[in-house]
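Tertiary structure, described
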Protein chains: 4
Amino acid sequence: MTEGVDTRFTTPAMAAIFAPERHVRQMLAFEAALARAEADAGAIPADAAVAIAACCDVALFDVAALHHEAATAGTLAIPLVRELTRRVGGEAGKYVHWGATSQDVIDTALMLQIREGLDLLIGDLLQICAECADLAERHRRTLMAGRTLLQQALPITFGLKAARWLALVCRQAHQLSERRERSVALQFGGAAGTLAALGSAGILVAERLAGELGLPLPDLPWHSERDRVAAIAAAVGMTAAAMSKIAGDLVLLAQTEVGEAFEDPAPGKGGSSAMPQKRNPVDSIGALAAARLALGLVPVVISAENEHERGAGGWQAESIAIADLFRFTAGAVARVRQALRGLRIDEARMRANLDRDGGLLMAESLAMALAVQLGRPEAQRVVQAACSRAVASGLTLREAALDDEQIRAVLSPADVERALDPAAYLGSADALIDRALEGYRAIRSAMEVP
Amino acid sequence: MTEGVDTRFTTPAMAAIFAPERHVRQMLAFEAALARAEADAGAIPADAAVAIAACCDVALFDVAALHHEAATAGTLAIPLVRELTRRVGGEAGKYVHWGATSQDVIDTALMLQIREGLDLLIGDLLQICAECADLAERHRRTLMAGRTLLQQALPITFGLKAARWLALVCRQAHQLSERRERSVALQFGGAAGTLAALGSAGILVAERLAGELGLPLPDLPWHSERDRVAAIAAAVGMTAAAMSKIAGDLVLLAQTEVGEAFEDPAPGKGGSSAMPQKRNPVDSIGALAAARLALGLVPVVISAENEHERGAGGWQAESIAIADLFRFTAGAVARVRQALRGLRIDEARMRANLDRDGGLLMAESLAMALAVQLGRPEAQRVVQAACSRAVASGLTLREAALDDEQIRAVLSPADVERALDPAAYLGSADALIDRALEGYRAIRSAMEVP
Amino acid sequence: MTEGVDTRFTTPAMAAIFAPERHVRQMLAFEAALARAEADAGAIPADAAVAIAACCDVALFDVAALHHEAATAGTLAIPLVRELTRRVGGEAGKYVHWGATSQDVIDTALMLQIREGLDLLIGDLLQICAECADLAERHRRTLMAGRTLLQQALPITFGLKAARWLALVCRQAHQLSERRERSVALQFGGAAGTLAALGSAGILVAERLAGELGLPLPDLPWHSERDRVAAIAAAVGMTAAAMSKIAGDLVLLAQTEVGEAFEDPAPGKGGSSAMPQKRNPVDSIGALAAARLALGLVPVVISAENEHERGAGGWQAESIAIADLFRFTAGAVARVRQALRGLRIDEARMRANLDRDGGLLMAESLAMALAVQLGRPEAQRVVQAACSRAVASGLTLREAALDDEQIRAVLSPADVERALDPAAYLGSADALIDRALEGYRAIRSAMEVP
Amino acid sequence: MTEGVDTRFTTPAMAAIFAPERHVRQMLAFEAALARAEADAGAIPADAAVAIAACCDVALFDVAALHHEAATAGTLAIPLVRELTRRVGGEAGKYVHWGATSQDVIDTALMLQIREGLDLLIGDLLQICAECADLAERHRRTLMAGRTLLQQALPITFGLKAARWLALVCRQAHQLSERRERSVALQFGGAAGTLAALGSAGILVAERLAGELGLPLPDLPWHSERDRVAAIAAAVGMTAAAMSKIAGDLVLLAQTEVGEAFEDPAPGKGGSSAMPQKRNPVDSIGALAAARLALGLVPVVISAENEHERGAGGWQAESIAIADLFRFTAGAVARVRQALRGLRIDEARMRANLDRDGGLLMAESLAMALAVQLGRPEAQRVVQAACSRAVASGLTLREAALDDEQIRAVLSPADVERALDPAAYLGSADALIDRALEGYRAIRSAMEVP
């Protein structure tokens, strides 16, 4: 479909929001709203506003030709305003783009696109939340190994893992909705940010224009203070990073030697051109790739210089980077949603992995059982020695423990069994799952998801 | 002082907050608070907590030796916990670090350092705000050229420029204080995030521990979901970018050919080893360099992978990157404050630059005066022609305009004079300055700055 | 044209090289060459190779449909090989993609595209060199201010400035041609890099395949060792940075207050939607924006993880990033070429700027004249004092110097005049221009440019 | 030791090379060599050169005080030249730093440090090569699973894996030595790059100075064309990425469920503050973290703007970034060397993992055996079906194959056994190992390693 953004790494819906056609459409929305706001404020004749608004229909414009001209003109606003003026014609044509500057219309159009893009991402994130919440509930008691530094550490439940994903994604939905409320803003300042061409009516027009577009009126024009856009970029980038976290975990769980979770095998999905047995976690890998691409764009946006009253280079690059950032992040989000939907969990394999290495991951539990009497350091020493013996002689930790005099002096065989039961060493896992689910319900009701 | 961070690009106060000694001090604060919280919750004996807390004094530890051992151990927590246990000794020693994992103490200590770092940045930003507010007021009527794409565009006032810096910096102070309230959080989950070693007391201990440290208790442990740290990094990076914006404008204003603003010339400042006449804007340049270095660290933090229940590589790099990010950003902030304090404004030069090129930057004003009768497109065409004639024949725009039949047909000579008076074409500049000052007063009172 | 890459920031020629259609075309070139190489090596029947090669014509394939399927399959190779097999049919169809893996064909196709892309960039860079060489020659004696830290420093010539751009761009052309020779390479290893499916014929086939495609045979397959691609990305990124350097200088020279160089004003170029007088340096700004976008992609490529024998995420993102990197860099190169072609140099303004500030930039020259007798430190002190007096009392440095007893004690008025003549203080400028031109001639003849 | 760079992520040797003391030492080396070169060229008196060189001893200077002053002065050169002048005193003192600019001495000193840093890295990389070559030889026949997208793909040998690491690291040693020869260069141009203060003697002095320091004389001064430094940064960053590749593979191999390779367990290494059984791959993780930090610095260097004849901000940040880049990369290199030295390979586990999942990874081999008769596509279809049956009914691929009518129609039971023997399906693995070893020998002899 597009050349710059491979369809593998975005979604049609997000690609549409940041398509050239949509940008022109939103620029026209600005011009129509500007004319109405100025008429309201008495700055231009009312019938001029009507005539202008009537022509602000993207279907009337040759979007490709406008973009082509923009390369020479340096900005899309120049050919668009010229074409719109021509179309409106007559007296009314005189009032097109009245008092505005190129950057006013381009930045505001971008903000309108961003608002749509954020809504799309938030909706998709809430769907991921629903999948995670479901996994958290269903696997509340599904034992698996918790892994730190990619080594088995302690038992957890898959429900807890899903609950942490859930909490992570809820926070992303929340922060994106914050940006939607607080960083999306009207741009309107005229050529140098003084609204000079509107005389004393500037702020009144700005208020009306903000109202027309349903955008917040910012404290001041922000042509060269791009912190709002940077905050949005950072938030979207963090969402991509969150997708990377989940997808990365899924790829690791799907390893042949781990084998605990698999993407739903659809026909034609995840095969290999050479290896018939392959079931590659295609969606997770796609999410990782898309998230990488998205994250690469964040610094382009947040480190852009913007000299004096309008930047020379930084600003011009920003809108390209923002569009790609939304596109790739949407791709990452869609891929994670797809990977989670119909995720196959192999509970038996999770349990079997937990018992690998003779139950060594219950070492902390055993140490804590001893620590009540021996103290934490001595208990750790004793258990470490038992672990070493187990590894060296191929015993399980249970065998090594039952064989250890120091341990037997403190714990009965039944105590040892209890200390080595993963299901009995889950601490607050359940309560933490509940906290995540509560947080999810809160965000759903705040966002009025039915 | 340090090798990694040149003293030119940070401040002693921020360097101290992120010094190894301070990190150990905050780790000990965690261990003391943990012991108290666990005693409170009945998880360990009360007198053990007293004995442990008594030893949690950084002066008792060899910080350099601990860091040296950390290189082998893989984490600072291991030698620190061992040393603390040894110092506490006896029965109480058994309860050191009870139920916690390395990452709990390291992440929480980092969060305590981050909180201090944010407070420092916010305080310094408010001082910059005070300088900007003063400049905005004092130069409310100081005319200068507004510049877009580094070309003169329209007249503005230096007060408005300062007001936009002010609004930008206020927003940074605000967002950093939001991060301080909402992203700084306790880390406490035990080895795999279940708080398993505390049995059913985990969440109670977590609540007490959060209370002891004055840190918010997060929804869930976040060992491998680093969005809070990422949000802080992004916010600090955006602050660095804001410094870059102001410093960049100052360097451009200080250019020999522009000559509108200069840093206060202190003895020994801004000279050259070769050129006796040089008055380099040393602080602004230092701010640009420090901000560049700071911004380079943001992607390191926000794109870090964190596998399963604890990351292998991403997490370990994060704390180094965060510390450097705060150090460099503090350097940028301090440099901008220094550059603004005692900034010399050359009002005459500002005015002279405004009149360069025969007043061409009043072209929009003239066009708007004509547009009421001719319409915007025709007015622009007429003025563009006058500009071209002025440039070609070395006339001022005023001369070219008074000489132009079409213009004379619409505007009287007095109208032309009025249209070419920069002071009369400032639109809402004054009102916008007021908005910025109001915003500043609001943030000051919200932050209870006297 | 495309959605991801705005046409403002690339060129049609480079966009075509990295278009989806071209990728498929190069994949088919690989499949055809593979079949021939295998037939040569006796691994498959000769007539199968003929039949396969006959179908390797991109016009026979629905490129969009292949890309669409790739999203599900996880790689473009799967649908392409399936379609090609279907087209070839019969006995020959059995030998399509024999012994190869998806990544072999995709990486090799990318390398073929990269080779074309490098050739295009090198050719365009040599055109920039020609423009710079011409400027260096023509402006060998055009005096202007050299500027350090954006302050006037010493006189230089515009010829020297152009010579430094020339040397910079020559080095880029050279390093890109090195990458073309040394980093572009065949990828061929089979599913796990052993060429297992070819039995003992693997390396023979690899050699023939490399020969067929005119690509170097690398030491080993490199599916997950991406240093070659990283080196190419770094080289292309450095080219973008070089464009940024030149474009940045041009934007600074074009500032209203500097006014020394302007882009050729074409109709419809560089205007403003609000300000009739504007002559924005549109190409330079476009180059800066494109270069920023290009540079943002370098870290995505060079920091990609690639696990074990084929990466999960890093590799998949790489080809998107590489394509965008070439596209944006081509945009930057084209824009700089356009900006330099027909660049208007205002020699009078250069000279006038040199005399601004009373000739203070001749201070070092005066100090060196004094230093022979006073020594460098004392001479600097004396001149610094004269500079300060000049600034304070509005004198020129000449007036201040002729008025200074210490100076008069050492230098006659004629000596002072000589010391303050910029044309007499150019040191090795001429010789350095010659060195740059020599270097350029050397690279031209090495590359056999007529 | 230092605050900015944690000792965990660098080495003492590299920290020393980029310590402030060493920078001052190299600056003094420049000043001494400059005086000698100028005396040689007749530009200053011979005894002045002797006197200056005699004072160019870092032990005579208060390095901390110089750095402190640099913060105000804007550059270290100013206080250093002043102090050196004071120390030399008398007539000779007049000739200190004659004709040079701050950036000449700072850039050249940095280049001297870089040269030392490159030598250190190259030496360490060759040690890694030696470890890899040893592993490649010793494990030439050690069967293991090749893994693509983290799924088992085909059998390889651990020797081949090590051979690919070897080839990768050889290429890094080679490219760093290329940078050492071709990108390290003298900086010498005087205040604006014209060598004006040396009259017509500039290039002669430059040649002599280059000779004195053993540094190549570049085509032109390069104060604001930083492509040499960027090329070095990119090369060092690619080395860090190579370390990340190896360390990443090691962490994955060390996973509890994979268990194929372990770092040498030293006392106090890789434990956990909570889990007694933990054997964390501490060096590999340290390498990953250090490499991440290193890679984060590459864009800071290669995207730095440098305006006109000396940059304002980009240049000042560069040297900080370069120093950190070398430090962190050295840390990554040292950690990988440490991880490989004494690496424990579990051959039995490698073999056992290969047989997991019923030998499914031999599917391609079986398909190729069938393909001779059935053709590749039909053979793949048949094997895919057998794989599915095996997975569904818990059979091994061998059992499923022997049970399959279509397979039996083509292959005898002995043929099937042969097709499923991993040791018989290694293709060119051996020859590829030989190629890597040859490459290694070539680079050793080129670098004259005994």
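Residues numbered from 1 in each chain as written. Chains lettered and ligands numbered in written order. Predicted model: local features only at pLDDT ≥ 70, side-chain atom pairs only at ≥ 80, totals over all residues. Heavy atoms only, no water.

**So, the overall build of chain A**
For the record, the criterion: For helices the rule is a DSSP run of H or I covering at least 4 residues; for strands it is a run of E covering at least 2, with both sets numbered from the N terminus onward. Atoms counted for the radius of gyration: C-alpha only. Globule rule: 2.2 Å times the number of residues to the power 0.38. Each residue's exposure class comes from its accessible area (1.4 Å probe, protein chains only) as a fraction of the maximum for that residue type: buried when under 20%, exposed when over 50%, partly exposed otherwise. By definition, residues are in contact when any of their heavy atoms lie within 4.5 Å. Note on areas: Shrake-Rupley, 1.4 Å probe, and residue coverage restricted to the protein chains presented here.
Along chain A, the regular secondary structure elements total 19 helices and 4 strands. The C-alpha atoms of chain A give a radius of gyration of 29 Å, which is well past the 22 Å a tight globule of 450 residues would have. Expressed along its principal axes, the backbone C-alpha trace of chain A runs to roughly 100 × 50 × 40 Å. The buried share among the 450 residues of chain A stands at 70%. For chain A, long-range pairs separated by at least 24 residues make up 77% of all intrachain contacts whose partners lie at least 6 apart in sequence. With an accessible surface of roughly 13,300 Å², chain A has 52% of that area assigned to carbon and sulfur atoms.

**Section: the interface of chain D and chain A**
Cut-off, in case you're wondering: Buried area: the sum, over both parts, of the accessible surface (1.4 Å probe) that disappears when the two are put together. Here, a salt bridge means any Lys or Arg side-chain nitrogen found within 4 Å of an Asp or Glu carboxyl oxygen. Under the rule applied, a polar contact is a pair of N or O atoms within 3.5 Å (in protein, one hydrogen donor and one hydrogen acceptor; residues adjacent in sequence only if both atoms are side-chain atoms). Under the scheme applied, nonpolar residues are Ala, Val, Leu, Ile, Met, Phe, Trp, Tyr, Cys and Pro; charged residues are Asp, Glu, Lys and Arg; polar residues are all the others, including Gly.
Chain D puts 41 residues into the contact, and the matching count from chain A is 41 residues. Buried area between chain D and chain A, summed over both chains or domains, comes out near 3,600 Å², and the portion from carbon and sulfur atoms is 49%. For the interface between chain D and chain A, the tally reads 2 salt bridges. A salt bridge links Arg 147 of chain A to Glu 257 of chain D; the shortest N-O distance between them is 2.9 Å. Inspection of the chain D/chain A interface yields 9 residue pairs in polar contact (both at pLDDT 80 or more). Listed by contribution, the elements that provide at least two residues to the side of chain D that touches chain A are β1 (143-148), β2 (151-157), α10 (227-253), α13 (347-355), α14 (363-374) and α15 (376-393) of chain D. Residue classes in the side of chain D that touches chain A are distributed as 19 nonpolar, 12 polar and 10 charged.

**Topic: α10 of chain D**
Rule in force here: A helix is expected to span 1.5 Å for every residue after the first.
With 27 residues, α10 of chain D extends 39 Å between its outermost C-alpha atoms, agreeing within 8% with the 39 Å of an ideal straight helix rising 1.5 Å per residue. Counting buried positions along α10 of chain D yields 27 of 27 residues, so the element is predominantly enclosed.

**Brief notes about the relation of the copies chain D and chain A**
We apply this condition: The least-squares superposition of copies is restricted to C-alpha atoms, and to residues with a pLDDT of at least 70 in both copies.
For the pair chain D and chain A, the relating rotation is 180 degrees, the translation along its axis is 0.0 Å, and the fit reaches an RMSD of 0.0 Å. The relationship between the two copies is best expressed as a two-fold rotation axis. The position closest to the rotation axis in chain D is occupied by the C-alpha of Glu 257 of chain D, lying 2.9 Å away. A share of 100% of the interface residues of chain D reappears at the interface of chain A, consistent with the copies meeting face to face through the same patch.

**Some thoughts on the pairing of β2 of chain D**
Put simply, the rule reads: When DSSP finds two or more bridges between a pair of strands, those strands are recorded as paired.
Among the 7 residues of β2 of chain D, 7 are classified as buried, and the element is accordingly described as predominantly covered. Turn length for the β1 of chain D-β2 of chain D hairpin, with the two strands adjacent in sequence and antiparallel, is 2 residues, and the turn residue Leu 149 of chain D shows positive phi of about 55 degrees.

**A short note on the packing of aromatic side chains**
Residues and elements named next belong to chain A. In plain terms, the rule: Ring pairs are drawn from Phe, Tyr and Trp, using the six-membered ring of Trp, whenever the two centres fall within 6.5 Å, and their geometry is named by plane angle: stacked under 30 degrees, edge-to-face over 60, tilted for the rest.
Within the structure shown, the criterion is met by 16 aromatic pairs over all chains. Aromatic pair Phe 158 and Trp 165: ring centres 5.9 Å apart, planes at 85 degrees, arrangement edge-to-face. Judged by its relative accessible area of 0%, Phe 158 is buried. Taking the relative accessible area as the measure of exposure, Trp 165 reaches 1% and is therefore buried.

**Some words on the domain arrangement of chain A**
This is how the line gets drawn: Annotation comment: domain bounds sourced from an automatic or database domain assignment.
Looking at chain A, the domain boundaries give domain 1 (1-100 + 192-218), domain 2 (101-185 + 222-355 + 428-450) and domain 3 (360-419). Once you take the C-alpha centre of each, domain 1 of chain A and domain 3 of chain A turn out to be 73 Å apart.

**As for the interface of chain A and chain B**
Contact with chain A, which involves 90 residues of that partner, is made by 90 residues of chain B. Around 7,500 Å² of area is buried between chain A and chain B when both sides are counted, 60% of it from carbon and sulfur atoms. Three residues stand out in chain A for area buried against chain B, namely Arg 164, His 308 and Arg 376 of chain A, and they jointly supply 11% of the buried area on that side. On the surface where chain A and chain B come into contact, there are 10 salt bridges. For Glu 178 of chain B, the salt bridge identified is with Arg 182 of chain A, shortest N-O distance 2.4 Å. For the interface between chain A and chain B, the tally reads 40 residue pairs in polar contact (both at pLDDT 80 or more). Counted by class, the side of chain A that touches chain B contains 48 nonpolar, 23 polar and 19 charged residues.

**A few points about the environment of Leu 176 of chain B**
All names here are of chain B. Tracing the sequence through the fold places Leu 176 in helix α8 (residues 158-182). Taking the relative accessible area as the measure of exposure, Leu 176 reaches 0% and is therefore buried. Along the primary structure Leu 176 and Ala 46 are separated by 130 residues, whereas in three dimensions their C-alpha atoms are 38 Å apart. The contact partners of Leu 176, leaving out residues within four places of it in the chain, are Leu 118, Leu 121, Ile 122, Leu 125, Ala 235, Val 236 and Thr 239.

**Observations concerning the relation of the copies chain A and chain B**
Rotating chain A by 180 degrees about the axis while translating it 0.0 Å along that axis superimposes it on chain B, leaving an RMSD of 0.0 Å. Looking at chain A, 100% of its interface residues are interface residues in chain B too, so the copies touch through the same face.

**Quick look at the state of the cysteines**
Residue and element names in this part refer to chain B. Heads up, the condition is: Any pair of cysteine sulfurs within 2.5 Å is marked as a disulfide.
Counted according to the given criterion, the structure contains 0 disulfides over all chains. Summary of cysteine pairing: Cys 56 is not part of a disulfide, and the nearest cysteine sulfur, belonging to Cys 55, is at 7.1 Å. Cys 56 gets classed as buried once you look at its relative accessible area, which sits at 16%.

**A word on the pairing of strand β2 (residues 151-157) of chain B**
Here 6 bridges tie strand β1 (residues 143-148) of chain B to β2 of chain B, and the two strands are oriented antiparallel to one another. Of the residues in β2 of chain B, the one forming a bridge with Leu 143 of chain B is Thr 157 of chain B.

**As for the environment of Ser 200 of chain D**
Residues and elements named next belong to chain D. Of note, Ser 200 is situated in the loop between α8 (158-182) and α9 (202-213). For Ser 200, a relative accessible area of 77% puts it in the exposed group. Remark: the alpha-carbon pair of Ser 200 and Asp 47, spanning 153 residues in sequence, is separated by 22 Å.

**Regarding α8 of chain B**
A rise of 1.5 Å per residue sets the reference length of α8 of chain B, with its 25 residues, at 36 Å; its end C-alpha atoms lie 36 Å apart and thus fit the reference within 8%. Here α8 of chain B lies mainly inside the structure; 21 of its 25 residues are buried.

**Description of the pattern of salt bridges**
For the structure shown, the criterion picks out 156 salt bridges over all chains. Where Arg 180 of chain D meets Glu 181 of chain D, a salt bridge forms, and the shortest distance between an N and an O atom there is 3.6 Å. For Arg 180 of chain D, a relative accessible area of 24% gives the class partly exposed. Three or more residues joined by partner-sharing salt bridges are found here, namely Glu 137, Arg 140, Arg 141, Asp 430 and Asp 434 of chain A.

**Structural notes on unusual backbone geometry**
The phi dihedral of Leu 149 of chain A falls on the positive side, at around 55 degrees, and the residue is not glycine. For Leu 149 of chain A, the position within the fold is in the loop between β1 (143-148) and β2 (151-157). Unusually for a residue other than glycine, His 308 of chain C sits at a positive phi of about 45 degrees. Locating His 308 of chain C in the fold gives a position in the loop between α11 (282-302) and α12 (314-340). Assessed through its relative accessible area of 2%, His 308 of chain C is described here as buried.

**Considerations on the packing of helix α8 (residues 158-182) of chain C against helix α10 (residues 227-253) of chain C**
All names here are of chain C. Keep this limit in mind: Angles here are taken between N-to-C directions and fall from 0 to 180 degrees, while the axes themselves are lines fitted to C-alpha atoms, restricted in helices to the stretch in contact. Oblique is the label for any angle not covered by the other classes, which are roughly parallel (under 35 degrees), roughly antiparallel (over 145) and roughly perpendicular (65 to 115). Here a crossing is called left-handed whenever its near helix is offset anticlockwise from the far helix by less than a right angle, and right-handed whenever the offset is clockwise.
Two elements in contact, α8 and α10, have axes whose closest approach is 9 Å; the angle formed by their N-to-C orientations is 165 degrees. In terms of orientation, α8 lies roughly antiparallel with respect to α10. Here α8 runs over α10; the crossing is left-handed. When the residues that make up the contact of α8 with α10 are grouped by side-chain class, the tally is 15 nonpolar, 3 polar and 4 charged.

**Some remarks on the side chain of Gln 255 of chain C**
Assignment of secondary structure puts Gln 255 of chain C in the loop between α10 and β3 (261-262). Polar side-chain contacts of Gln 255 of chain C include one of 2.8 Å to the side chain of Gln 255 of chain B. Here Leu 252 of chain C takes part through its backbone oxygen, which lies 2.9 Å from a polar atom of the side chain of Gln 255 of chain C.

**A short note on the packing of helix α2 (residues 20-40) of chain A against helix α9 (residues 202-213) of chain A**
Residues and elements named next belong to chain A. As a packed pair, α2 and α9 sit with axes 8 Å apart at the nearest point and diverge in direction by 130 degrees. By the criterion of interaxial angle, the relationship of α2 to α9 is oblique. Two packed elements cross with a definite hand, and for α2 against α9 that hand is right-handed. Of α9, the residues touching α2 (which contributes Ala 29, Phe 30, Ala 33, Leu 34, Arg 36, Ala 37, Glu 38 and Asp 40) are Val 205, Arg 208, Leu 209, Glu 212 and Leu 213. Class assignment for the residues of the contact of α2 with α9 results in 8 nonpolar, no polar and 5 charged.

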